Amino acid sequence: MSKTKYIFVTGGVTSSLGKGIISSSIAKLLVARGFSVTIQKLDPYINIDPGTLNPYEHGECFVTEDGAETDLDLGHYERFSNVPTSQANNVTTGVVYQSVITKERQGEYLGETVQVIPHITDEIKYRIKLLANRGDYDFIITEIGGTVGDIESLPFIEAVRQLRWELGRNCVVVHLTLVPYLAAAGELKTKPTQHSVKTLLESGVQPDIIVCRTEKHLTEGLRNKIALFCNVSTSSVIECIDAESIYDVPILMRKENLDLEILRKTKMPVEQEPDLADWEKFLHALKNPSGEVVIGLVGKYVELKDAYKSINESFIHAGTVNGVKVRVQTFHSEFLDESNVAGKLGALHGILVAPGFGERGIEGKITAIRFAREKKIPFFGICLGMQCAVIEYGRNMLGLTGAHSTEFNKLTPYPVIDMMEMQKKISGLGGTMRLGAYPCKLKKESQVFLIYQQENITERHRHRFEFNNEFLEKYKSAGMIPVGLNEKDNLVEIIELVGHPWFIGVQFHPEYKSTVARPHPLFVSFVGAAKQYAGNS
Ligand code: GLN
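This section reports on the structure supplied with the text. The structure displayed is predicted, hence computed values, not measured ones.

**Topic: the sheet that holds strand β14 (residues 350-353)**
The nine strands lie next to each other as β13-β12-β14-β15-β23-β22-β21-β18-β19, forming an open sheet whose pairing is mixed. Edge positions in the sheet fall to β13 (325-332) and β19 (456-463), since each has one partner strand and no second. With strand direction ignored, the average angle separating the axes of adjacent strands in the sheet is 25°. Bridging between strand β18 (residues 434-442) and β19 involves eight bridges; their strand directions are antiparallel. Note on β19: the bridge partner recorded for R434 is H463. Contacts from helix α12 (residues 309-322) reach β12 (292-299), β13, β14 and β15 (379-382), with the element oriented near 155° to β13.

Pasting the structure below:
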């Protein structure tokens, strides 16, 4: 058996307890001790990936370097651990079944009856272990999506049961549960935790460590009780109290010795203390800002907490570098127009127009961009946000009346944004966009070159449409300059506006690459510009 240790994170009682944050915190602590770690999410739904899910269903879709459209928890993994994830780090029931059925059609099972056990569970185990072959990892953390007891996650839990048996000491199961506080009784209650461990036991899995999400501190008595009823030692009952910020959780878990418990159980060296100095510095900056900037986020999913997750987190990272708190105020683009734009956006220190798909709310985005351009408010357009900036400039500065993207108007007289050639032949949805990291070359005499301090960058993409090069000269001579290009495919990746303090549109998604250890330079610079604007306004 390989030396790689496997950590499984399951959840009980309710969803949304923060398995992703616990998994990410474990990763952070282990990385801070010098171990190599990767995290994987197993999602029990039948979609192949969340790429085709709308944000109402599943929040943001996170894109990896290698172009996988994945669960937003992978964003947390990267932001906490600073280790990039890949296609192999997110596995859904859909992927597992698709693979098994394809093999069956190709005759690989030699006439056997193909069943959930062992064929589906073997495929799940294969995909968990696959990561070990990809890199020389000390730990693979696998988060099982859903809540124990869900019908759809049963094959995943069964795979964990089998792997525990195979891996022995090389494996540890961390179970996250809720210990609710009943105000009427004035007590924390352990029964839901007992029941959820019992449910796990019915599937043959005994958790090694129980992490208790709670709003009040666990007493020693309560820890003993959970230990007694759930067959773990008291030191393996970990309190996870509600925190002010998700970024507090690694520190809280350190104080509770979650990392030590894992190391002891997997017989790994414990001598080296985790180096959390930079993390503490980041937290200190986060909690002691010397001012505030207010950024308007204009999009069409603004009522959804998780729809722009990575953008919000990037602002947190960038705020700490600038010593300010970034207050992100959201604006539904559908309700923005010429009559109300000044009233709604007038007091902002910066405006970000969000990525997106579909026509709803487009005109509101264009209105917001015109306002930011004319009032010289720092403006940042991401993907669709950049495309809208191009449309706005075409219509209002180049006299291209009716200019549009062919995504929204196929018959526009001025298709300033058009479908990429390589996209025209594609018919199916799901993994068919221009996805993942592509190189981009920056013009030396540009603001973005000063921001990145390098000429060649790579950024992650998720789009079908692009700047139409037929209009390039017109835009250039009118002051909207393409300053970042993908030379191989001749695509405009970044535009900048001459004579505006900070007006940048990017065809890619910088938010996917911002981490606590490496806040994204574009976000850092944008927040810096907003801070300056706030100082002058
Ligand atoms: N809908 C646009 C496109 O496909 C923008 C996509 C995005 O913002 N991610 O090109």
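**Re the site of the ligand**
Around the ligand, a shell composed of P355, G356, F357, C383, L384, Q387, E407, R462, H463, R464, F465 and H509 is seen. Contact between the ligand and Q387: an oxygen atom at 3.1 Å from a side-chain N or O atom of the residue. With respect to the ligand, the side chain of E407 contributes an N or O atom lying 2.7 Å from a nitrogen atom. Contact with the protein chains covers 99% of the free accessible surface of the ligand, which is 290 Å². Sorting the residues of the shell around the ligand by element identifies α15 (384-397) and β19 as the ones contributing at least two each. Looking at the shell around the ligand residue by residue, the class counts come to five nonpolar, four polar and three charged.

**Structural notes on empty space enclosed by the protein**
What the rule picks out here adds up to two cavities of 30 Å³ or more. Roughly 40 Å³ of internal volume is contained in the largest cavity. As for the largest cavity, its lining consists of A27, V31, V37, T38, I39, Y77, S81, V83, P84 and T85. For the lining of the largest cavity, the secondary structure elements donating two or more residues are α1 (19-32), β2 (37-43) and α3 (73-81). The element best represented in the lining of the largest cavity is β2, accounting for three residues. Quantified by volume, the second largest cavity comes out at close to 30 Å³. Residue lining of the second largest cavity: T93, V96, Y97, I120, I124, P155 and F156, and that is the complete set. Going through the elements one at a time, α4 (93-105), α5 (116-134) and α6 (154-167) are the ones with two or more residues in the lining of the second largest cavity.

**Observations concerning the state of the cysteines**
Scanning the model with the defined rule gives zero disulfides in all. In this structure C212 is a free cysteine whose sulfur lies 7.9 Å from that of C230, the closest cysteine sulfur available. Judged by its relative accessible area of 0%, C230 falls in the buried class.

**Overview of α3**
An α-helical segment advances 3.6 residues per turn. Residues three or four places apart therefore align on the same side. Burial analysis of α3 places nine of its nine residues in the buried class, which makes it a mostly covered element. N82 sits one or two residues past α3 and shows a positive phi near 65°.

**Structural notes on unusual backbone geometry**
With omega at 15°, the peptide bond leading from I117 into P118 counts as cis. Looking at the element boundaries, P118 is found in helix α5. We note that L110 has phi near 50°; this positive angle belongs to a residue other than glycine. Here L110 shows up in the loop between α4 and α5. Among the residues examined, L110 registers a relative accessible area of 78% and is labelled exposed.

**Section: the packing of α5 against α6**
It is the contact of α5 with α6, at a shortest axis distance of 9 Å, that shows an interaxial angle of 70°. By the angle between their directions, the pair α5 and α6 is classed as roughly perpendicular. Classified by chirality, the crossing of α6 by α5 is right-handed. The segment α5 lies against α6, with V116, I117, I120, T121, D122, I124, K125, I128 and K129 engaging P155, F156, E158, A159, Q162, L163 and E166. When its residues are assigned to classes, the contact of α5 with α6 shows nine nonpolar, two polar and five charged.

**With respect to the pattern of salt bridges**
This structure, assessed with the given rule, holds 43 salt bridges. Between R327 and E292 there is a salt bridge, with its nearest N and O atoms 3.1 Å apart. Residue R327 is found in strand β13, and its partner E292 is found in strand β12; the two are separated by 35 residues along the sequence. The partly exposed category is assigned to R327, whose relative accessible area is 36%. A relative accessible area of 38% means that E292 is categorised as partly exposed. It is possible to trace a salt-bridge network through shared partners that takes in K41, D43, D71, D73 and E143.

**Structural notes on the pairing of strand β21 (residues 480-486)**
Counting buried positions along β21 yields five of seven residues, so the element is predominantly enclosed. When β18 meets β21, the two strands line up antiparallel, connected through two bridges. In the strand pairing of β21, L442 is matched with G484. In this antiparallel pair of consecutive strands, β21 and strand β22 (residues 491-497), the connection spans four residues, and N490 shows a positive phi of 55°.

**Some words on a nonpolar patch on the surface**
A surface patch of nonpolar side chains, about 340 Å² in accessible area, is lined by Y97, I101, V116 and I117. Only α4 and α5 provide two or more residues apiece to the nonpolar patch. With respect to the element layout, V116 can be found in helix α5.

What counts and how
Residues numbered from 1 in each chain as written. Predicted model: local features only at pLDDT ≥ 70, side-chain atom pairs only at ≥ 80, totals over all residues. Heavy atoms only, no water. Pairing = 2+ DSSP bridges. Helix = DSSP H or I, 4+ residues; strand = E, 2+ residues; numbered from the N terminus. Axes fitted to C-alpha atoms, helices over the stretch in contact; angles between N-to-C directions. Contact = heavy atoms within 4.5 Å. Near = heavy atom within 4 Å. Polar contact = N/O pair within 3.5 Å; in protein donor to acceptor, adjacent residues only side chain to side chain. Areas by Shrake-Rupley, 256 points an atom, 1.4 Å probe, with all protein chains shown as cover. Nonpolar A, V, L, I, M, F, W, Y, C, P; charged D, E, K, R; others polar. 1 Å grid on protein atoms, 1.4 Å probe; cavity = no way out; pocket = protein on both sides within 12 Å on 5 of 7 lines; lining within 4 Å. Points joined across faces, edges and corners; volume = space filled by probe spheres on them. Disulfide = S-S within 2.5 Å. Buried < 20%, exposed > 50% of the residue type's maximum accessible area, 1.4 Å probe, protein only. Parallel < 35°, antiparallel > 145°, perpendicular 65-115°, else oblique. Left-handed = near helix turned anticlockwise from the far one by under 90°. Salt bridge = Lys/Arg side-chain N within 4 Å of Asp/Glu carboxyl O. Patch = residues over 30% accessible without salt bridge, like charges linked within 9 Å, V, L, I, M, F, W, Y side chains within 5 Å.

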